[in-house]
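Working through the structure, step by step
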Amino acid sequence: MPTNLTLDQMKEFVRNHFEDFVNKRNSKVIHKNMTPDFYDHDGPGGRPTDLIGDEQMMAGMYKAMPDLHLTIEDMIAEGDKVVCRNTWRWTDPSGRKLQFRGFVLWRFEGEKIAERWATVTPASEGSSWTAAPTKWPEKQAS
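Remember, predicted model here, so these are calculated numbers, not experimental data.

What follows concerns the pattern of salt bridges. A complete count under the given rule lists 10 salt bridges for this structure. Salt-bridge contacts for Asp20 lead to Lys24; the nearest nitrogen and oxygen are separated by 4.0 Å. Lys24 gets classed as exposed once you look at its relative accessible area, which sits at 54%. We note a salt bridge from Asp92 to Arg96, for which the minimum N-O separation is 2.7 Å. Judged by relative accessible area, Arg96 falls into the partly exposed class, the value being 38%. Salt bridges here are not isolated pairs; linked through shared partners, they connect Asp92, Arg96 and Glu125.

Structural data, given as structure tokens:
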């Protein structure tokens, strides 16, 4: 079934989903936002999963990373899909600031999310939660 949402509505839906599911630590919202047969192609451990698998994964992340916060850096919508470039940040038990970056592609059916694909970088440490430089260093002439 195709979506009946506009591109802007899909983007707003994804923004709200991330805010509730990650930043507000509401794992139950997945049951409202996803289709009953939701399929996550890249679930925990890189294996496909469903609503319950994603809900359990996030509950584990809430415990392991109590100050976890996601920032959407970019978002693009086309057809029935939305892709986001995100940064996930948290503090580990020793006080180190950590982050990873990722891309998530969501596919909509009707007014809900039906599928998810994701790619993430390994976690990296930094002295603060600042974004990466926006300009690459100049190349040296050889």
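Our next topic: the nonpolar core. Ranked by internal contacts, the top residues of the largest apolar core, which has 31 residues, are Phe18, Trp88, Trp106 and Phe108. Elements with a contribution of two residues or more to this core: α1 (7-23), β1 (34-40), α3 (51-64), β2 (69-78), β3 (81-91), β4 (97-109) and β5 (112-120). At 6 residues, α1 tops the list of elements feeding residues into this core. With sequence-adjacent residues up to four places away left out, Trp106 is seen in contact with Val14, His17, Phe18, Met34, Asp80, Lys81, Val82, Cys84, Ile113, Glu115 and Arg116.

What follows deals with the pairing of β3. In terms of burial, β3 is a largely internal element, 8 of the 11 residues being buried. Two strands pair when backbone bridges link them, and β2 and β3 are joined in this way by 9 bridges, in the antiparallel orientation. Directly across from Met75, in β3, lies its bridge partner Cys84. What sits between β2 and β3 in their antiparallel hairpin is a turn of 2 residues, with Gly79 showing a positive phi close to 60°. Summarising the sheet, β3 and β4 pair through 11 bridges and their orientation is antiparallel.

The rules behind each value
- Residues numbered from 1 in each chain as written.
- Predicted model: local features only at pLDDT ≥ 70, side-chain atom pairs only at ≥ 80, totals over all residues.
- Heavy atoms only, no water.
- Salt bridge = Lys/Arg side-chain N within 4 Å of Asp/Glu carboxyl O.
- Buried < 20%, exposed > 50% of the residue type's maximum accessible area, 1.4 Å probe, protein only.
- Core = buried A, V, L, I, M, F, W, Y, C linked by side-chain atoms within 4.5 Å.
- Helix = DSSP H or I, 4+ residues; strand = E, 2+ residues; numbered from the N terminus.
- Contact = heavy atoms within 4.5 Å.
- Pairing = 2+ DSSP bridges.

Structural measurements only, silent on function.
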